[in-house]
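# Understanding the architecture of this molecule
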Amino acid sequence: MTPEVIEADGVRLRQFHPGDVADLAAGCGDPVNLRFNPGMPQPYTEADARWWIAEGAPAAWAAGGAAYAIADSAADRLVGGAGIGQVVAARRQAEVGYWVAPWARRRGIATAATRALADSALRHGIDRLELMTHAENPASQRVALAAGFTHEGVRRAAGQVRGGGRTDLLAWVRLADDPPGPAPRLLPDLPDGRLADGVVTLRRLGPDDVEVMYRLHTRPEVVANQAPPVPPTRAAVERRCLLAESAWLTGTIARMLIVDAVTGEPAGSCGLSLSDPEAGEGSIGYALLPDQRGRGLATRAVRLLAGWAFGPAGIARLVAGTVPDNTVSHGVLERVGFRREGLLRGRLPGLAGTRLDDLVFALLPDDLR
């Protein structure tokens, strides 16, 4: 299905050999690789490396797949591993996987190796190639996108957890007739990692933002303006922050922290989700901490968010749903240029089986002030 050696973009995919033992043991024994590859022995010793070279890798080839060492093209030193498995010949499909040693990361090695291996497999009889990632591993998701794989969905309980149990995996797919190059993204990264106007800065939400997000989104007035009006648990906020980059990469939602550009203090949060991707429609939401209100920061944040949505994100229309009596939020939207479009009666879930009305505002590119 694939050749014994593949050369591409400064990396060499080749057979494992006895000289790889020390590097193989060190790379596979890295905590990151052990975390996302629960099938690896822990601790991973040189004895495990010798077994893989003598028996494990040859068995993968014998089963119709492939097991490559990723080596630096110049020195031929092992810097990772990549392979093809889960081959279903009747469907002409398979799964690709990889790992990179800690001393070789942030050099584009994973992307180069995955792209080269996928190119080879799709030229040698495979029509559909899958790549599975953990939601907590955005670095691997970026590799998938850069190597031309498109997010397809969630495989529930498809992965194992070390010590027992199962976990969901994200499925990324590349087909033989997909266009070359990186896969397109629904939500691009922010330019230089942020949006700013000198007064407020918007940046991607991250794992370090749990405290401020929990404090903000459990405030009674913030809870009252969401549907249903139930405060999130701390665990839910922790997971939201942990998976913020993954949600952005999969095109689900772009969650951002609003920061005072002068003091660097968090002021609130905002986000953009694709409410109707086919129609080019996005939906926004936002909230501010009490001590940051009344300064025009929400208006500035929504204006920055809308400019990015209509520009790099390619959104054609933005909507914002509000509680009908939230006049402060209505004022923010109207100052940016949003127009009231209508009241959707009973659209949202309330408490104890009740329903809430949704007052909808919309913004087109020419409306943005």
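Everything in this summary refers to the structure shown in the same document.

Rules and cut-offs
Residues numbered from 1 in each chain as written. Predicted model: local features only at pLDDT ≥ 70, side-chain atom pairs only at ≥ 80, totals over all residues. Heavy atoms only, no water. Buried < 20%, exposed > 50% of the residue type's maximum accessible area, 1.4 Å probe, protein only. Helix = DSSP H or I, 4+ residues; strand = E, 2+ residues; numbered from the N terminus. Contact = heavy atoms within 4.5 Å. Polar contact = N/O pair within 3.5 Å; in protein donor to acceptor, adjacent residues only side chain to side chain. Right-handed = clockwise from strand over helix to strand, strands pointing away. Pairing = 2+ DSSP bridges. Axes fitted to C-alpha atoms, helices over the stretch in contact; angles between N-to-C directions. Parallel < 35°, antiparallel > 145°, perpendicular 65-115°, else oblique. Left-handed = near helix turned anticlockwise from the far one by under 90°. Nonpolar A, V, L, I, M, F, W, Y, C, P; charged D, E, K, R; others polar.

Moving on, we get to helix α5 (residues 138-146). Three or more residues of α5 are buried, namely Pro138, Ser140, Gln141, Val143, Ala144 and Leu145. Residues of α5 that are buried make contact with β5 (93-100), α4 (109-123), β6 (128-133), β8 (166-175) and α9 (244-249). Just beyond α5, the residue with positive phi is Gly148, at close to 95°.

Tracing the sequence through the fold places Thr322 in strand β14 (residues 317-322). A relative accessible area of 6% places Thr322 in the buried class. Of the polar contacts made by the side chain of Thr322, one reaches the side chain of His330; its length is 2.9 Å. Sequence-distant contacts of Thr322, that is, excluding residues within four places in its chain, are made with Ser329, His330, Leu333, Asp357, Asp358, Leu359 and Phe361.

For the rest of this paragraph, the subject is the pairing of β6. Counting buried positions along β6 gives six out of six residues, so the element sits mostly inside the fold. Alternating residues of β6 divide into Arg128, Glu130 and Met132 and Leu129, Leu131 and Thr133, and every residue in both groups is buried. Note on the crossover from β5 through α4 to β6: the handedness is right-handed. Bridging between β6 and β8 involves six bridges; their strand directions are antiparallel. Considered in β8, the bridge of Glu130 is made with Val173.

Quick look at the environment of Asp260 now. Within the secondary structure, Asp260 is located in strand β11 (residues 253-260). Separated by 59 residues in the primary sequence, Asp260 and Thr201 place their C-alpha atoms 6.4 Å from one another. Beyond its immediate chain neighbours, meaning those up to four positions away, Asp260 contacts Val199, Glu265, Ala267, Gln292 and Arg295.

Let us now look at the sheet that holds β5. Pairing in this open sheet of eight strands is mixed, and the strands run β1-β2-β3-β4-β5-β6-β8-β7 from one edge to the other. Strand pairing shows two members of the sheet lacking a second neighbour, β1 (6-8) and β7 (150-160), which therefore form its edges. Pairwise comparison of adjacent strand axes, ignoring direction, gives a mean angle of 25° for this sheet.

Here the bond from Gln42 into Pro43 is cis, since omega is 0°, no more than 30 degrees from zero. Turning to its location among the elements, Pro43 is positioned in the loop between α2 (31-36) and α3 (46-62). Pro228 follows Ala227 through a cis peptide bond whose omega is -10°. Following the sequence through the fold, Pro228 ends up in the loop between α7 (220-223) and α8 (234-242). For Asp76, which is not a glycine, the phi torsion comes out positive at approximately 60°. Topologically, Asp76 is positioned in the loop between β3 (66-72) and β4 (78-88).

At a minimum axis distance of 9 Å, the contact between helix α10 (residues 297-310) and helix α11 (residues 327-336) shows a crossing angle of 50°. Here α11 runs oblique to α10, going by the angle between their axes. As for how α10 packs across α11, the hand of that crossing is right-handed. Where α10 approaches α11, its residues Ala298, Thr299, Val302 and Arg303 are matched on the opposing element by Val332, Arg335 and Val336. A breakdown of the residues in the contact of α10 with α11 according to their chemical character gives four nonpolar, one polar and two charged.

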